[in-house]
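Below are the chains, spelled out letter by letter.
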Amino acid sequence: MTGTETPRGASGGLPAEPTTLRPGQSEPPTLRPRPAGPPRTTPSRAEGLSPVVDCGIYVDGRRQDPVHPHDALREATERGGFVWLGLYAPTEVELGAIAERYGLHPLAVEDAVYAHQRPKLERYDDGLFMVLKTATYVEHDRLTATSEVVDTGEVMVFLGPHYVITVRHGEHGGLADLRRNLEEQRELLCLGPAAVLYGVADRVVDDFVDVASQVEEDVDELEASVFSDRRSDDIGRLYQLKRELMSLRRAVSPLEVPLQRLSQRQFEVVPEAMRSYFRDVEDHAIRVRDQVSGLDELLTSILQASLARTSQADNEDMRKISAWAGIIAVPTAIAGIYGMNFEYMPELTWRFGYPLVLLVILTACVLLYRGFKRNGWL
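In short, a report on the structure. Residue positions are counted from 1 within each chain, in the order its sequence is given. Residue-level local features of this predicted model are given only where pLDDT is at least 70; pairs of side-chain atoms are given and counted only at 80 or more, and the full residue set underlies all totals for whole chains, interfaces and linings. By convention in this description, side-chain values take in all heavy atoms of the structure and omit both hydrogens and water.

Here's the deal with the overall build of the chain
This is how the line gets drawn: Each helix corresponds to a stretch of at least 4 residues labelled H or I by DSSP, and each strand to a stretch of at least 2 residues labelled E; elements are numbered beginning at the N terminus. Residues count as neighbours in contact if any of their non-hydrogen atoms are within 4.5 Å of one another. Here the accessible surface of atoms and residues is derived via Shrake-Rupley with a 1.4 Å probe, and residues count as covered only by protein chains that are part of the display.
Along its length, the chain carries 10 helices and seven strands. Put simply, of all contacts in the chain between residues at least 6 apart along the chain, 71% involve residues at least 24 apart. Per element, the accessible surface of the chain, about 20,400 Å² overall, is 52% carbon and sulfur.

Focus: the packing of aromatic side chains
Each aromatic ring pair is characterised by the separation of its centres together with the angle its planes make. Selection rule: Between the rings of Phe, Tyr and Trp (Trp by its six-membered ring), a pair exists once the centres lie within 6.5 Å; its type follows the angle of the planes, with under 30 degrees stacked, over 60 edge-to-face, and the other angles tilted. Each residue's exposure class comes from its accessible area (1.4 Å probe, protein chains only) as a fraction of the maximum for that residue type: buried when under 20%, exposed when over 50%, partly exposed otherwise. Counted as over-ring charges are cases with an Arg CZ or a Lys NZ within 6 Å of the ring centre that also lie within 35 degrees of the ring normal.
Tallying each qualifying case throughout the model produces seven aromatic pairs. Relative to Y163, the ring of Y102 has its centre 5.4 Å away and its plane inclined at 75 degrees; by these criteria the two rings are edge-to-face. Note that Y102 is positioned in helix α2 (residues 92–102) and Y163 in strand β7 (residues 163–169), a separation of 61 residues in sequence. Assessed through its relative accessible area of 7%, Y102 is described here as buried. Residue Y163 is classed as buried on the basis of its relative accessible area, which comes to 10%. Between W324 and Y369, the ring centres sit 5.9 Å apart and the planes meet at 45 degrees, which makes this aromatic pair tilted. Of this pair, W324 sits in helix α9 (residues 275–338) while Y369 sits in helix α10 (residues 353–374), placing them 45 residues apart in sequence. Classification of Y369 by relative accessible area gives partly exposed; the value is 34%. A network of ring pairs unites the aromatic residues Y58, F82 and W84 as a single cluster. Over the face of the ring belonging to W84 we find R179, whose NZ or CZ atom lies 4.0 Å from the ring centre.

Some remarks on the pattern of salt bridges
Here is the rule: Every case where a carboxyl oxygen of Asp or Glu lies within 4 Å of a side-chain nitrogen of Lys or Arg is listed as a salt bridge.
Inspection of every chain in the model, using the stated rule, returns 15 salt bridges. Residue K120 is joined to D111 by a salt bridge in which the shortest nitrogen-to-oxygen separation is 2.8 Å. D111 carries the same exposure label as K120, and that label is buried. Connected via shared salt-bridge partners are D71, R74, E75, E78 and R79.

Thoughts on the pairing of strand β6 (residues 150–159)
Worth spelling out the cut-off: DSSP calls a pair of strands paired once it identifies at least 2 bridges connecting them.
In terms of burial, β6 is largely enclosed, as eight of its 10 residues are buried. Two elements, strand β5 (residues 127–137) and β6, share 10 bridges in a ladder whose sense is antiparallel. Residue pairing in the sheet places L128 in a bridge with L159 of β6. Strand direction decides the pairing type here: β6 and β7, joined by six bridges, are antiparallel.

Brief notes about the environment of H70
Examined against the element boundaries, H70 turns out to sit in helix α1 (residues 69–79). Counting along the chain gives 31 residues from H70 to R101, while the straight-line C-alpha distance between them is 8.1 Å.

Focus: the nonpolar core
Put simply, the rule is: Residues grouped as a nonpolar core are buried Ala, Val, Leu, Ile, Met, Phe, Trp, Tyr and Cys residues, joined through side-chain atoms within 4.5 Å.
Counting 59 residues, the largest nonpolar core has V200, F208, V215, L248, L262 and V270 as its most contacted members. For this core, the element with the most residues is helix α6 (residues 194–226), which contributes 16 residues. Setting aside its immediate chain neighbours within four residues, V270 contacts L128, L159, A194, L262 and F278. A72, A76, L87 and I98 belong to the second-largest nonpolar core, a separate cluster that totals 30 residues.

What to know about the sheet that holds strand β2 (residues 62–63)
We apply this condition: Lines fitted to C-alpha atoms define the axes, with helix axes restricted to the stretch in contact, and inter-axis angles between N-to-C directions lie between 0 and 180 degrees.
In spatial order, the strands read β2-β1-β3-β7-β6-β5-β4; together these seven strands make up an open sheet with mixed pairing. For this open sheet the edge positions go to β2 and β4 (120–124), each flanked by a neighbour on one side alone. Together, β3 (82–88) and β7 form the strand contacts of α2, whose direction differs from that of β3 by roughly 165 degrees.

Some points on a nonpolar patch on the surface
Where we set the bar: Distance thresholds for patches are 9 Å for like charges and 5 Å for nonpolar side chains (Val, Leu, Ile, Met, Phe, Trp, Tyr), applied to residues having over 30% relative accessible area and no salt bridge.
On the surface, a nonpolar cluster with roughly 500 Å² of combined accessible area is contributed by W350, F352, L356, L359 and V360. Its location among the elements puts W350 in the loop between α9 and α10. Note on W350: relative accessible area 44%, which makes it partly exposed.

Considering helix α3 (residues 106–114)
One turn of an α-helix holds 3.6 residues; hence residues three or four places apart share an orientation. Within α3, seven of the nine residues are buried, which leaves it mostly tucked inside the rest of the structure. Buried residues of α3: A108, V109, E110, D111, A112, V113 and Y114, and no others. Buried residues in α3 make contact with α2, β4, β5, β6 and β7. Directly after α3, the chain includes A115, whose backbone phi takes a positive value near 55 degrees.

What is shown is where atoms sit, not what they do.
If you want it as structure tokens, here you go:
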């Protein structure tokens, strides 16, 4: 979580959501149990902090005076505006109480609590629920076989006629700057809660563009290392970067369909004027998707080239070893022959026999060395 967006506690800012029930208020709906499988956890907040990051009412594109989150929806409805409620990693109880007040669908609430969803767009009654994956580039001095390159999180958006609720999971992807930027664009906010959904989607896709550009630099570095004259073990680094790139691909690729639906289909909570905005975000998402796919294909080619170069280097080493073994075999064979214990052997008692044998050995080794050198084995 960035320093510009911190959940507000009871000591200042917006008060925390109470967990006690008011007279006549029913229990928040209990989420159905998850199917059997690996346990899913949500990021934890510091103890004592409220999940409410910010709450603002917007009428005619302008932010109104602060109100309590409990009364925000009623005030926004009466004034003909909408409320933007920002949450960070709410628990089941916390989001359940908010869901009852805003009339959120239990299935969407369940997804928002447990997170770990793929990008999607769901329609519930007169509202929409959208899941977006966020991504950030993890800075590192040098790419290793265990480096973390891409860190992902999630942002869920509940969209209704008079409200928009953003639920964030992960230690990045803060929306405080986005809120300030949107508040400076009155004409855009006049289009209603859908403008906030557009702003969130646009920010997420822009982050994808930045991450993809920085990952491309790592790919270029690995490509230069693989094809350099210096021998290096790049297989582990290539595989790790390919796995990290897969995380980015899983965040980008599924986003195309929800954005396409927002830009082409008619929804009550999405004005016709907003479709062109979502179409622009869709174009950017497709561009990033193609860039990520291209990087993945390039990494596959680099990985294959690295394996081929490693195999080629091993073959060269084996040829050198075989060549030297062939050269050493000549004196070994001659010495082995003359080391046999026979009485009658050629040149055994000749005065120049020993120098002649040494000369033959040296001549044969030189001829073999020149032959192997000429054929590129040495």
